[in-house]
Every structure is written in C-alpha cells, then in structure tokens.
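# Structural overview
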Number of protein chains: 4
Amino acid sequence: MFKIGFIGLGVMGEPMAANLLRKGYSVTVFNRTPGKADKLLELGANAAASPAAVARASELIITMISNDDSIREVYYGDNGLIGAIAPGTIVIDSSTISPALARQLHADISAKSGAFLDAPVTGSKPAAESGSLVFMVGGDLEVIRKVQDVLHTMGRKVIPMGPGGSGSTAKLAHNTIVGINVAALIEGMAIAASGGIDAKSFLELVQAGGAASKMAELKAPKLLDRDFSVQFSLALMLKDLRLASSLSDELKTPTPILEAVKSLYQVGDAMGLGELDLSALAQGYEQWINKRITNHSSVEDSVAAVD
Amino acid sequence: MFKIGFIGLGVMGEPMAANLLRKGYSVTVFNRTPGKADKLLELGANAAASPAAVARASELIITMISNDDSIREVYYGDNGLIGAIAPGTIVIDSSTISPALARQLHADISAKSGAFLDAPVTGSKPAAESGSLVFMVGGDLEVIRKVQDVLHTMGRKVIPMGPGGSGSTAKLAHNTIVGINVAALIEGMAIAASGGIDAKSFLELVQAGGAASKMAELKAPKLLDRDFSVQFSLALMLKDLRLASSLSDELKTPTPILEAVKSLYQVGDAMGLGELDLSALAQGYEQWINKRITNHSSVEDSVAAVD
Amino acid sequence: MFKIGFIGLGVMGEPMAANLLRKGYSVTVFNRTPGKADKLLELGANAAASPAAVARASELIITMISNDDSIREVYYGDNGLIGAIAPGTIVIDSSTISPALARQLHADISAKSGAFLDAPVTGSKPAAESGSLVFMVGGDLEVIRKVQDVLHTMGRKVIPMGPGGSGSTAKLAHNTIVGINVAALIEGMAIAASGGIDAKSFLELVQAGGAASKMAELKAPKLLDRDFSVQFSLALMLKDLRLASSLSDELKTPTPILEAVKSLYQVGDAMGLGELDLSALAQGYEQWINKRITNHSSVEDSVAAVD
Amino acid sequence: MFKIGFIGLGVMGEPMAANLLRKGYSVTVFNRTPGKADKLLELGANAAASPAAVARASELIITMISNDDSIREVYYGDNGLIGAIAPGTIVIDSSTISPALARQLHADISAKSGAFLDAPVTGSKPAAESGSLVFMVGGDLEVIRKVQDVLHTMGRKVIPMGPGGSGSTAKLAHNTIVGINVAALIEGMAIAASGGIDAKSFLELVQAGGAASKMAELKAPKLLDRDFSVQFSLALMLKDLRLASSLSDELKTPTPILEAVKSLYQVGDAMGLGELDLSALAQGYEQWINKRITNHSSVEDSVAAVD
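All residue numbers refer to positions counted from 1 along the written sequence of the respective chain. Here every chain gets a letter starting at A, and every ligand a number starting at 1, in the order they are written. With the structure being a predicted model, the display of local features is reserved for residues of pLDDT at least 70 and the display and counting of side-chain atom pairs for 80 or more, all residues being used for whole-chain, interface and lining totals. With hydrogens and water excluded, all non-hydrogen atoms of the structure serve as input to the side-chain values.

## Quick look at the confidence of the model for chain A
All names here are of chain A. Convention followed: pLDDT gives the predictor's per-residue confidence on a scale running from 0 to 100. We call two residues in contact when some of their heavy atoms are within 4.5 Å.
When pLDDT is averaged along chain A, the result is 94; 96% of the residues meet or exceed 70. Counting contacts from residues 297-307, a segment whose pLDDT is below 50, to residues more than four positions away or on other chains yields 19 contacts. Overall fold confidence for the complex sits at a pTM of 0.92, while the interface term, ipTM, reaches 0.93.

## Comments concerning the UniProt feature "domain: 6-phosphogluconate dehydrogenase NADP-binding" (unreviewed entry) in chain A
Let me state the cut-off plainly: UniProt positions are given in the numbering used here, feature names are shortened, and annotations may be inferred rather than shown by experiment. Only DSSP runs of H or I with at least four residues qualify as helices, and only runs of E with at least two residues qualify as strands; both kinds are numbered from the N terminus onward.
Here, the residues flagged by UniProt with the feature "domain: 6-phosphogluconate dehydrogenase NADP-binding" (unreviewed entry) are residues 3-162 of chain A. In residues 3-162 of chain A, helix accounts for 39% and strand for 25%; the two terminal C-alpha atoms are 26 Å from one another.

## Considering the environment of A:Gly10
Residues and elements named next belong to chain A. Worth spelling out the cut-off: Each residue gets one of three labels from its accessible area relative to the maximum for its type: buried under 20%, exposed over 50%, partly exposed in between, using a 1.4 Å probe on protein chains only.
Summarising the element assignment, Gly 10 is placed in the loop between strand E1 (3-7) and helix H1 (13-23). Classification of Gly 10 by relative accessible area gives partly exposed; the value is 30%. On a C-alpha basis, the gap between Gly 10 and Ala 37 in space is 9.4 Å, while along the polypeptide they are 27 residues apart.

## Quick word on the pattern of salt bridges
All names here are of chain C. This is how the line gets drawn: Salt bridge, as applied in this entry: a Lys or Arg side-chain nitrogen positioned within 4 Å of an Asp or Glu carboxyl oxygen.
Throughout the structure, instances matching the rule amount to 58 salt bridges over all chains. The partner of Lys 214 in a salt bridge is Glu 217, and the shortest N-O contact between them spans 3.4 Å. Note that Lys 214 and Glu 217 are positioned in helix H11 (residues 214-224) at a spacing of three residues, about one turn of the helix. Classification of Glu 217 as partly exposed rests on a relative accessible area of 43%.

## What to know about the pairing of strand E2 (residues 26-30) of chain D
Residue and element names in this part refer to chain D. Condition: Two strands are counted as paired when DSSP detects at least two bridges linking them. Throughout, right-handed denotes a crossover for which the path from the first strand over the helix to the second runs clockwise when the strands point away from the viewer.
For E2, the buried fraction is high: four of the five residues fall into the buried class. As defined by bridge partners, strand E1 (residues 3-7) adjoins E2 across five bridges and the pair is classed as parallel. Pairing of Ile 4 across the sheet is with Val 27, part of E2. The parallel pair E1 and E2 is bridged by helix H1 (residues 13-23), and the resulting crossover is right-handed. Summarising the sheet, E2 and strand E3 (residues 46-47) pair through two bridges and their orientation is parallel. Across the sheet, residue Thr 28 finds its bridge partner in E3, namely Asn 46.

## Considering the domain arrangement of chain A
All names here are of chain A. Our working definition: Domain extents, as shown, originate in an automatic or database domain assignment. What gets called buried area is simply the loss in accessible area from a 1.4 Å probe that two parts show on being joined, summed for both. Between N or O atoms, a polar contact is any pair within 3.5 Å; within protein, one atom must be a potential hydrogen donor and the other a potential acceptor, and residues adjacent in sequence are included only when both atoms are from side chains.
By domain assignment, chain A separates into domain 1 (3-163) and domain 2 (169-302). With centres defined by C-alpha atoms, the gap from domain 1 to domain 2 works out at 30 Å. Here domain 1 packs against domain 2, burying approximately 900 Å² in sum over the two surfaces, 64% of which is carbon and sulfur. On the domain 1 side of the interface with domain 2, the three residues burying the most area are Thr 96, Pro 99 and Met 136, jointly 49% of the side's total. Across the contact surface, domain 1 and domain 2 share four residue pairs in polar contact (both at pLDDT 80 or more).

## Overview of the packing of helix H8 (residues 166-194) of chain A against helix H10 (residues 199-208) of chain B
To keep it simple, the criterion reads: As a rule, the C-alpha atoms of each element are fitted with a line to give its axis, helices using only the stretch in contact, and angles between N-to-C directions run from 0 to 180 degrees. Throughout this description, any angle smaller than 35 degrees is read as roughly parallel, any larger than 145 degrees as roughly antiparallel, any in the 65 to 115 degree range as roughly perpendicular, and the remainder as oblique. Take the far helix as your reference; a near helix turned counterclockwise from it by less than a right angle gives a left-handed crossing, and one turned clockwise gives a right-handed crossing. Only Asp, Glu, Lys and Arg are considered charged in this grouping, and only Ala, Val, Leu, Ile, Met, Phe, Trp, Tyr, Cys and Pro are considered nonpolar; every other residue, Gly among them, is considered polar.
Two elements in contact, H8(A) and H10(B), have axes whose closest approach is 11 Å; the angle formed by their N-to-C orientations is 50°. Put simply, H8(A) runs oblique to H10(B). The chirality of how H8(A) crosses H10(B) is right-handed. Of H10(B), the residues touching H8(A) (which contributes A:Ala170, A:Ala173, A:His174 and A:Ile177) are B:Phe202, B:Leu205 and B:Val206. For the contact of H8(A) with H10(B), the per-class residue count stands at six nonpolar, one polar and no charged.

## Thoughts on the nonpolar core
Quick reminder of the rule: Joining through side-chain atoms within 4.5 Å is the link that ties buried Ala, Val, Leu, Ile, Met, Phe, Trp, Tyr and Cys residues into a set, and such a set is a nonpolar core.
In terms of nonpolar packing, the biggest core is built from 220 residues, with A:Tyr265, B:Tyr265, C:Tyr265 and D:Tyr265 touching the most fellow members. Not counting the four nearest positions on each side in its chain, A:Tyr265 is found in contact with A:Gly179, A:Val182, A:Ala183, A:Leu234, A:Met237, A:Leu238, A:Leu241, A:Leu278 and A:Leu281.

## Thoughts on the relation of the copies chain D and chain C
Note the threshold: Residues reaching a pLDDT of at least 70 in both copies supply the C-alpha atoms on which the copies are superposed by least squares.
After a rotation of 180° and a shift along the axis of 0.0 Å, chain D superposes on chain C with an RMSD of 0.1 Å. The transformation just described matches what one would write down for a two-fold rotation axis. When C-alpha positions in chain D are compared against the rotation axis, the closest is assigned to D:Ser213, at 1.9 Å.

Take a look at the structure:
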C-alpha cells in the first residue's frame, strides 16, 4: 500500500482523506488553514507542516484545493511540493484547474522523474463521504493502473480521458453541461410558473419525461422547499464556467450556450446569490417575473388522488 | 367503457389508437391523409369519413395531429369536430399546440356543453407503442378522473397541470428544457472533442456524473454510432422552441437561454439538418470545429481494462 | 392637392397632420380617444366621427396608430376604413405593424380598387414636428410617385423598399439595429464604468471613434444627465424587437443577437423600466454592477485642458 | 522637440512614424521583422538593431505592436526596452493589450523612473496615414500634457481616460461597441434580404435613420461591392472581443451581448473568414439563409427616380 500524502482538507478533501485512513492507508496531511486536520488525526493521520514535508513522507500525494492560484502556491511556493518530491513519486490533483496549468504540472513533475495525474471529480460532499465520487483522469494509463485501488477507495468509477491535462479538460466540458442543465430547469420552471402551473406537478413531469436530469433530481427537493443552502455554490459554478469559456476560446470552439449561461450566472452573482447553492439562480428569474417559481397550489392534493 | 373516436393516425397516434383497441375499446378513426388506418381496421377499428363523422359516433374523442393549423382544420373546418359534438362529449387533444389555441378550444367546446382537455405527452414512438407515455393535462379534474382509464391505456402517468391550456403550457416549458439539455450535451462534447478527449469516455463520464440526463441517455448511442435517424426531428424541436418563445414573450418572462438555443437550432435547420434527429445538431458544431465530435480513440480498450 | 384623411393623432400623428395643414392640404381627422384633435381643428382640420367618415371625405388616407390590434379595429372594425373607401382611394399606414398584416391590408384594399402603401418612419417626435421623418415604403412605385409631395411635407426622405409589406419588413430590420446599437452602447459604458473610466470621457471617445452611432449621439446627453424621460420608450422598443423576432422566425433567418438583445429588454421591462426611455436599460446594468454608469470624475476638467 | 523612438512598423506604425518624421522629429526605428523601415529611412529615420538600442537613443518611445505576447517580447525580452531606458524616459504603447499588462508596464517603467502611457487608438490605416487617429490615454495627466504635440502629430484627438491601464480598458469597451454594431448591421441586413428587400435601399435607410453608425458608413460600400478586403480583420476583431470578455469577467460585469457577439465572430473565424474584413461576417449569415445579403434589385433605378 502506498504511503499517501493529502493536501487540502476542505469540504471534499477531508472526507476523501478519511476514507483512505479507514481503508488502512498511512496518510500524512497538510492544510494551509490550520485546524482542519483534527478529525483526521483522530483517525490516525500524521500532520505535516508544509507541502514539502508531505512530499518527503509520501510515495503518492493527492491534492484537493480551490483553484489555479492556490495550486501554484502549494506546488511552487515556499516549501512547495514540486521542489521536494523524490523520483518515482506519483502526484494526483483532484481540484478543478485550467488544463494549461494541469499540463504545466504534468511537465514539471515529469522533469523531476515523478508522475502526475489530473484527476478531478464529479460528485459533491455526500459522494465524497460515501466514497462514490467519479474520477476523470488525464495522464499515463500505467500510472492510472498503479493508483486504481487508491482512487477506488474514494470513488466508484475511474475514467481515463487521455494524456495529462485531459482530466481538467473533461471536467470543464462536463461542468459546462451541469451549469446549462440547471439553467434549463430553472428557465422551464419560470415559464411554467408564469403560466400558472404548480411547481410540484411540473417537477413531477420533468422527472418523468424527456426533461429529466441528474441536476433536476438533485435540485427539485431544494427548490420545492426553497432550501438554497449550498450543495455546489453559484460562485463556484461561475468559476468553472469562466474556465470553460477561456478553454473553448483557446480551442477555437464556438460555445454560444455556455456564453449565454455564463452571463446568467454572472447576473446571479451580481445579485448577491454567489454564496448560495446554484439553484438559487431561480431567485433571479423570480425577480424578473415578480413571482415565486416554487409555490404549491391546491392542485397538489388532487395530483395524488388522480394518479 | 367509452365509445372512442381517434383523429390523427401518424407516428404517435397510430400506436396510441392500437393500444385502445387491444384493451377492448370501440374506436372510430379518421386521418386526413387516407391509408393510415389499415392496421387499426384489422384490430377492429371503425373508419369514419370526417371529423364530424367521428364526433357523431363517439363519447370521447382523442386528437393527435401536427400543429395549430392542422388542429384548426380538424376542429373548425369543413365537417369539423366542434360543429358536430353532442352535449356531454369529452374531447382530448394530445398534439403540441399553442396554449392560446388550447384555451380557445376549451372555451368553444364548453360552449357546446362538451368538455376539453389539452393533454400533450412526453415520450416518442417507442413509448407510444408500449403504452408508457406521460400525459400532462389541462382541464377540469373531474373530467380527468373520468378518462383516467383511457389515458392509462396509452400511458404510464397522468399529471394534472391546471385549467384548460395548462397542458400545452407545461409541454412547451418541458420541451424547452429538452431542447436546452440536448444543446448542452452537444456543446460539452464539442469542447471535449476539441480538447482531444475520446467521445465514448466522455459520454461515460456524463452519464455517471452530475451532467447525466434522459436526453444524454437517449442520444449517447446515436451519437457514438453517428446514427442521426429520427427519434424526434430537429425541425419539430425547433417548432416547439418557437412556440415556447412566443409563449414566454406573452407571459413577459425573460428566457435568454431558450432564445440562444432556438437560434442554434435555427442555424441547424438552415444547414439542412431539419429532417434528421435533433442530435444531428452535433454536425453543426463539427462544421465549426472542423472535426468529428464522435470518434473513438485508442484509449477505448484501455478504458475497459482499468475500470 | 389630395383631400387627405388622417387617423391617429398621438405623439407622432398630431405633428404630422399639422404639417399637412400648414402646407395647405384639406385634412379630415379622427382619433379613437377624443380630445386629441383640438390644435389641428384650430389649424383648419375637419373632424370626422369614425374611420368610415374619414374615408368618405378623403382621396388619400394616412393612419398612424399603435399596433396590429389597433390597426385591425380602425380598418376592419365597426365603421371601419376598408368598408367605406371608394375606388381609387390611396391608403398609407405609417404605424409599425407586422409585415403579414401589411400584406393583408394591401390585398384587401386592392380588392376594393384602392391602393395601399405600408410606409413606417424612422425619427421620433422632434423629426415629426420639423417634417424631417424618413419614410420606408412598401407598395407600387406609381402610387409612391403620386403621393411624393404629401410624404415630403412630413418627411425629408422617401425610400421605396419593394412590394406591399416591404415597408414594415424594413422597419423591423432597421429597428433591430437600433435596439442592438443602444444595448451595445450601454454594455460598453458598463465595462468602462466598472473599469473606473469617467463616462463623459468615454462617450467623447465613442462619438469620435469607430463606435459612433446615431443612437449614441441621441442618448449620450440623456445618459450623462441621467434624464431617462421618453424619446422612444423601452416598452415600444421591446414591442418592435418581438415583432422582428417573429418575422425572422417566419423567414427562417437565424438572428442570435436580436434574440439576446430582446431578452435583455425583457429583463429591463420586468424591472419596471418599460415606460422610461430605452436608454434606461442602463439602470439594469447599474443594478448588476452596483455602480452608476454615468458619474463624472475629476478627470473631467483636465479633459478640457489637454485637448 | 523629443528624440523619439518608434517600435513596430506595421500597417499602423509605419504611417504613424512617417507623420512624426515629416513634422521634423528625429525618429529612431526598430521592427522585429526586418525590411519594414525602408520608406521611413528615406524620410530620415535612424535604424536601431533592438528595442534596447532604440531606448538608448530616445527620450520618448512609442510602440505599436500586435498583442500581449509581442509586447512582452519587446519590453521584457532579450535586448528589451525596459532594461535599457534611462530615468525620465516616457514610453507610450498604442497597441491593443490587456489592461492587466498595461498596469504591469506602468508599474515596471515607473520603477525605472520612467513614465508610461497606455494610449491605444481608434481609426485604421487611412486615419493613421492622414494623422487623424483618436488616442484614448491612461496615465498621468502631466505626462499626457508633455507629449501632446507628439500625439497631435499622429492624431486629431487625445482623450485622457484615467490612471495607467485606463487606455486599454477604454479600448476594449470601445471595440466591444464596434463589434456589436457591425453584427447588428449585418443581422439587420440579413432580415431585410430574407424579406426580399434590396440591400442598397436598406443601407440608404440605415444611414438616414436611427440605425446609422460609423461602422455602417464604413462598411456599406464594401458590402454593396462585396469587397471584403481588410480594413480591420475579423480575426483581430475576435481577438479584441476575447480580451474584452476576459476583462468583463475580471470586473464582474455581466456582458451578455458581448458574449453572444463573440461567439458569432468565433463561428465566422471557424468558417475561414478570419483573414477577411470583419464585414465578411455577412458571409456567415448568407450561408445560413442560403441567399446573398447584398444583391441589387430592379428597385434600384426607381429609388433614384422617386427621391
């Protein structure tokens, strides 16, 4: 079993590291903001004082941090990761970063005789906790094979996407679809609400018909209860859409729907909804139509009766 | 059991009427283009020479026709339906029409002491054949109750949406989501393809992750096989999006994503893809990026091996 | 000189009729809302009690009304125009209506042995008052020649566009450009304001450079003074964009920018800005960026000094 | 009079330098691609072998290069500018670069006791030749005052925009409007053409009415003659729109119309129109409507006759 290092103990990283510890792996942890490691220490993790210290104690290092800037700080900053890895070390990043940065990490780590995989995930906190994340991986297939068991401890599926950078590319393409599907659901709900249709009946239709989606399944209960607490914040969705937009520009791929949806989330962010769940985009449409998108009507009881 | 009349024996109407006949209902049929009734006559249907003739032979009439103009012809034209219905007749339309027309039919049929339900469906030919359509119904709950068994012979679910016109409104809102979800899938696939990612791996990711949708499930095999034969034509999707756009204008509901996607399908239609399945929208993006969106790469075999 | 009839004495119609009277034409007037004719009666106009009465007193009739519905009422309603015109009568409509309605009027009036021109205008109240409107005309060139002098009494330019319906088509295509140009100006101003640039300097640049436009010239002073009083209301601009959008749908012409701008004005209308000048769209962006788009900075005085 | 250095002798830079020489300034020139200086040497320019050599010979340096990468090479590369400037040197960049780079240049040159102005222009080759460019300037007003005469030798107007970086910000906001106005013109022309309206008549209307713009004035003759030779290439317009889009993202300013227009130019670029004038965007719409946007009809002669 690999001696594992884990950097980034936030909402996703902490439960991912916990699953590794429960599986019996030796895990050395570091987080830039202190105090996040307590539960993991109880599970047997070792604390390290810096990314470099993690590197010196590990054969396989996993990072789960916020964004490009944080990654650069951890990998290239003072007591950073890259400067301290030994030849043969495998490094996996599961954050959502730009493919360009992923390719740079791949090159710089290979130059140190290490190996790098960009392996972002789909799934949020509950999936991290239950070890059912889905990994999309860029990098050598041989390296992916070596770390299979580790990835399968944190997730239920590992899908190779191509060479280094491909995991990040796939993540942005995937999350483009996520962002658009949520906007589609909410825009459809706005038309239904304006047309006097009960939201519960409409969502029942959506989930039974061609309009069904994973995001509709996840957001329908939140929307009906008007529970906009964060599963995936609107601000983080917007961050991904901006990265996706830059990527499609570089790839010279016209993506008119992504651009329209990005502008929509920018408006939502400007309206102060950034720290709520992305489903709070509904509040933007509610302001426009001056009407709640989710309001049960008296059809509700009849719905149960007829079906 | 109701004596049923069925008008409109096309791709959807024919199997719907067949299911009623197999269930034991007496069904009188009419289609504006002759020759479509043959199979149904073998199943025991009675042929009628006009909508009025159907009306005179029926207690419950179901229409499944193309669009507003066809509906007006059948309902209000020579030997039309409305002029011939007896008091107490129930009329159900399952076409996709404008809510304004649905409300007009509701009013005009009520004025003749009949009852009208606008009950469009989600589901295409296979669902029509297997009796697993989902009906979204506008009109009186009492009337919906009366016809429950008939609807459940053709479908698996009946969802009341509100007063007359609500079924059509729900259909347009629902199909707005369908159209956007397909565009989202294809735009995500275009980014992935431009970024060098194998389509099969990407679609596996989509269906396993937050980007999953009913339309992704239906279109993934067609896209991978480059089988653009019609399940739901691009031209019909565009027709629905135009109706949805007019509706959202009338309801003063801003729908920027619907508008962007409608323009996209208009470009696809202009490119001659109208008579193909709506998934042929992929060919539009392929022209733009000068590259196929669905091409398996050598990662394919490895994918099977690693997972 | 023609005996002229003039129907529709609103913001545009009243000054147009006044110019005809001052030129010496005999003018019989009618307005659905009474009380609008007073000033014209002083100038020598004759009052009529209905469109039909106007028709009986006129050889050439001009209508300047709000929209399709009002037109139908005046032309086809009780004591309407079409039923009362004598053979040889020329009818000119200068409202902004759908091309389909314009073609219908053309056909119905020709059927009465009259002649019809759809001749909408560009220019607002000041141009109507000073007789400097620009007419875009659909209909026979021979008829256009006959009424040249009349049109040149109200305007400075008459441009034939093609057969009946072409004037309305040109109007919608023209106003599509107007609506987009105003949105472009305001969006550019929003970027400048967010970037800390003084609005007055930026508008000076716009008007001196490639970004200059007639709309920038008309709206710059209003925006700098934050004077959103109506020259052309946001609601009327939106009405034109909806007509243009329907027209482009019928013509199967993809118009993605029109659709995006239409959604933007819908949001502005939803925000309650409909009865203000269309430049009030700026207030929409101001809400989003939480900052005024027009605020002079201390660069202002220096600007004068350096140039 | 300043001893001037000029780097970047392309389509714009060459005539700008020529105007300085004709005014009597001593000008030392450098271009990365050799052979561009010949005409200027005849006018009395001195040739330098590198940016650093230009710096050593100059009190005021002007750069007019392609983009961020070229700028970095000239300013920071081997024998680059910044490393060689003496205290008190004024540096003016008139390229179109990102505001972030402009602010960096401002800081790095100030750190060398020099002064920097980001002073991009509006106007293309003819304006460069006739000395009628418009400069939008970011940087200290005192420095702007010092170089007034130099700028007025190349242009007709100098507008201060704010501190360092403001010139570049203004340029991107300004060019956002330019790009949208051209798309608006072409989209309006597409509706007109689909509706059977003669392009010449429509453009006459546009230029006489509320839809008039500088870009309509510049592009009307090119469109009518189907002369798509470059005044400002579609690829360069797209480059500016990408920079503007990144800027508006950083400024958290929703710009839905910019995003829609950027996607449109991306499609044009994908269609191979990048090296043509941006008015070649018309060819994109022509493909969609399968019809020429500019075709004179027989109305043409009649137009002259009636007006």
